[in-house]
Amino acid sequence: MAPTEDQLRASAASGSGPPSAGGSWGMGTGLGGPPSRSAPESAGLDDAAVEVRRAAGLVNTQEQRTSRTVWQIATTHLFTIFNLILGLSGLTLVLLGRWLDLMFLAAAIGNTVLGFAQELQSKRRLDRLAVLKRDPVRVVRSGAAVEVPPHEVVMDDVVLVRRGDQVPVDGTVLRADDLDVDESLLTGESEPVPKQPGETVLSGSSVVSGSGSFRATALGNGSHAARLTAQAKRFTPVSSELRAALDRVVRWITIALGPMIAIVLNGQMQAAGGWSAALASGAWRDAVVAAIASVTIMIPQGLALLTTVSFAVATVRLAKGEVLIEELAAVEVLARVDVVCFDKTGTLTEGGIHFESAVPLAANAEDALAVAGWERVLAWIGTDEDANPTAAALAEAFTERPDREPSGTIAFSSGRRWSAVAFEGGTADGAWLLGAPEALLGDAPGTGAPADQLRTQARKLCAEASDSGLRAIVLCRAGWLPRDGELAAEVRPAVVLTFRERLRPDAAVTLAYFREQGVALKVLSGDSPRTVAAAARAAGMDAGGDRAEPVDARTLPEDPTELAAAVERHSVFGRVGPQQKKAMVEALQSRGHVVAMTGDGVNDALALKAADLGIAMGNAAPATKAVARLVLVDGRFSRLPAVVAEGRRVIANIERVSQLFLTKTIYAFLLGVGFGAMTWAFPFLPRQLSTADFLMIGFPAAVLALVPNTRRYVPGFLRRAVLTALPSGLAMAAAILGVYAYGRWGTDASQEQIEAAAFLTLTASGLWVLAIAARPLTRWRVLLVGSMYAGMAAVLLVPVSLAYHQLTAPAPALTVAALAFAAGACMLIETAHQMLRRRLR
């Protein structure tokens, strides 16, 4: 039997291999330099031990699927109540041979296909999500270093890392030779973290200096990176008010459909002479077709399709401006956002470090002579192949190197926080140290000697730089290269160097835009609060008041209510961890805010996913891009106002055209109930209603949905749409019932003529609703509405059209009556519109 994970862990902790391992954990040197004096390094696992762990499933493999399969996605979009009703109606018409009445299925098919394609694209993107790179991993096996694919790393493997490597699994450090790890993708903290034997390293972090080894303690789905990935992979749709409103309409219609179908079908069978007579004579076929027409007209499937198309068009437009929309509804959400949270690095700043200034220090002429050649020293440090990002930033400003190679060096370590180099003779003679002020200058006040005066001067300059949001380091001169990491008392500061993270040129303009739009701004960063506040001030955020005071997030309360109050009150936060960013976003949402979150690191991924809208910068980590709904491909923060404009256009235009679709749903319901209750034959065939839909709604709505519209977002879209549509639907239904009653009782017109009169009343009054929705009536909008009126006339006058629609031109008296009823409906619709407009204002 294979040993359990606990047994393997116990054997690893005791320093001996499992019984089947065939070896001990012994001593070994590994790779990357001599072993640390502070800790031994294992000779690693042998082949037998590796096989034991493989058999136990203790390997670095991860589940690659999201929570929804392709089949589940397909069934979600295919098997809806509307698709079921429309599909059964279409199948019935096919069986009855009424192929020309199937046009109503086009919108349903289009909406299903587009919805399925969009979610399938999201699934594939999430399936590709990975926090870890897939480079080979160096491990110690049987005392020798070998390279294996990441998925072949097993529990208790000894993993070797050096500068530039990404940590593939979680582990405990065995050997650390000046080992510094960058955990910014996981924690947001931009400073490297020094690691010592016995400490933990997390998968997804990177080695920035030194080398070492660690024993794998968590891998596969149990690793830190995998847990982040798993949370990010959970697919959740964008919170869209438009979609939510449509879903609510669907629920309303679903509740009404059952009784509606029974009433309509019974009414049509009764109009055909009763159930028995209709079944015996075959008249039930026409009754079923009429029932299908009355039911399918209720369903606003075209509105869902038009919403999806509007989102898609906005996506294409924004893609031309280097904005990638990962989910269609994201363009709508940004128009509703009232709080934007963002990280400092990669959003306010460009990332990376840039040299700012150098201030030489000299208490007297002798000091000035003693530090001569410091520019050449900085040139050598900046071009050293092992230079960290801060040191490498010196290369652009200092280009003239010393005239000889160094006689000795000490690499930078985050534990020491300084590096050193020595030259013998030439233009840069002596030993030089570069590092953090607190590490090289100390904090003792001194005795007033020249060296102490230089330290005091240097500390003052460094403090001023820090208050200005700059990073300060010090170049010092020493009598000799430090031995065993011990600083000599003769270390004297020579130059104070300052660096800054370069502010994005578009950050200030973009933040100003959001402030003008009444959007609150929150900076959530892993860096120090003072540094974050300086960058925020440079970007134009308010410098006064409690809201602009930087807050150390480690002091924030954990209680959700208290946290929400604190995040509402303040605007600048430093030392914020990944889980805390997510909690802060959720705290804002708990107060009713619509929150957007921008970022570029894996540490931002959970917050981006929790936000109503996650926005990733173009240089973001793959995991961050995968969970974001919107990616700024070129990393320009100034792209966001264009997204807001597109979102406003979509929301305002969909609200405009939704009045048309909801009007149709209302009059369709009233007509179905009315004709069913009166046991009158329904006056429309499916093909007639499809044509009427095209003239009143389909084509003009598609045009109106895509025109520019800069109206600011106003909550309550569905309420306004229903209030506007209700009087229009009531007036149109009353007019159609009236003209039908007149044709049935006041004339000797045939059923085909009455249907033609009903079609005229329907389209004439419906086009007035269109004219209201199209206001203000510019020249092209007048042309649009006028062409639809011309289309109505063509349907009723062109012989081929009359034959296709199975209509007969009505007698003059019936035509006048139809126009009169339509005019009455238009007057009622206009009156209601004017009253509602004043009320809604």
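Further up the page is the structure itself.
Residues numbered from 1 in each chain as written. Predicted model: local features only at pLDDT ≥ 70, side-chain atom pairs only at ≥ 80, totals over all residues. Heavy atoms only, no water.

Draft legend 1. Looking closely at the packing of aromatic side chains. Tallied over the entire structure, the rule returns 13 aromatic pairs. Seen from their ring centres, Phe-355 and Phe-398 are 5.4 Å apart, and the 70° between their planes marks the pair as edge-to-face. Of this pair, Phe-355 sits in strand E10 (residues 354-360) while Phe-398 sits in the loop between helix H15 (389-392) and strand E11 (408-413), and the two are 43 residues apart along the sequence. Phe-398 sits in the buried class, given a relative accessible area of 10%. Summarising the aromatic geometry, the rings of Phe-675 and Phe-682 are spaced 5.8 Å apart at their centres and angled 75° between planes, so their arrangement reads as edge-to-face. Take Phe-682: its relative accessible area is 4%, and that puts it in the buried class. (Phe/Tyr/Trp six-rings, centres within 6.5 Å; stacked < 30°, edge-to-face > 60°. Helix = DSSP H or I, 4+ residues; strand = E, 2+ residues; numbered from the N terminus. Buried < 20%, exposed > 50% of the residue type's maximum accessible area, 1.4 Å probe, protein only.)

Draft legend 2. Spatial organisation of helix H28 (residues 779-797). For H28, which comprises 19 residues, the first-to-last C-alpha distance of 27 Å matches the rise-based estimate of 27 Å (1.5 Å per residue) to within 8%. Of the residues making up H28, those classed as buried are Arg-781, Leu-784, Val-785, Met-788, Gly-791, Met-792, Val-795 and Leu-796. Here the buried residues of H28 occupy an arc of 135° about the axis, which is enough to place them on one side. Exposed positions of H28 whose direction lies more than 90 degrees from the buried face are Arg-779, Leu-783 and Leu-797. Packing partners of the buried residues in H28 comprise helix H24 (640-678), helix H25 (686-704), helix H27 (751-773) and helix H29 (799-805). (Expected span 1.5 Å × (residues − 1). Arc of directions from axis to C-beta. Contact = heavy atoms within 4.5 Å.)

Draft legend 3. Local environment of the sheet that holds strand E21 (residues 630-632). Reading across the sheet, the 8 strands line up as E8-E21-E20-E19-E9-E16-E18-E17 and stay open at both edges, with mixed pairing between neighbours. Edge positions in the sheet fall to strand E8 (323-325) and strand E17 (550-552), since each of these pairs with one other strand and no more. Direction aside, the axes of adjacent strands within the sheet are offset by 20° on average. Direction of pairing for E8 relative to E21: antiparallel, over a ladder of 3 bridges. The partner of Leu-324 across the bridge, within E21, is Val-631. (Pairing = 2+ DSSP bridges. Axes fitted to C-alpha atoms, helices over the stretch in contact; angles between N-to-C directions.)

Draft legend 4. Structural context of the packing of helix H8 (residues 241-271) against helix H10 (residues 284-296). Here H8 crosses H10 at 145°, and the two axes come no closer than 9 Å. Considering the relative orientation of H8 and H10, their crossing is right-handed. Taking contact as the criterion, the partners of Leu-257, Met-260, Ile-261, Val-264, Leu-265, Gln-268 and Met-269 in H8 are, on H10, Trp-284, Ala-287, Val-288, Ala-290, Ala-291, Ser-294 and Val-295. Of the residues assigned to the contact of H8 with H10, the class counts are 12 nonpolar, 2 polar and no charged. (Left-handed = near helix turned anticlockwise from the far one by under 90°. Nonpolar A, V, L, I, M, F, W, Y, C, P; charged D, E, K, R; others polar.)

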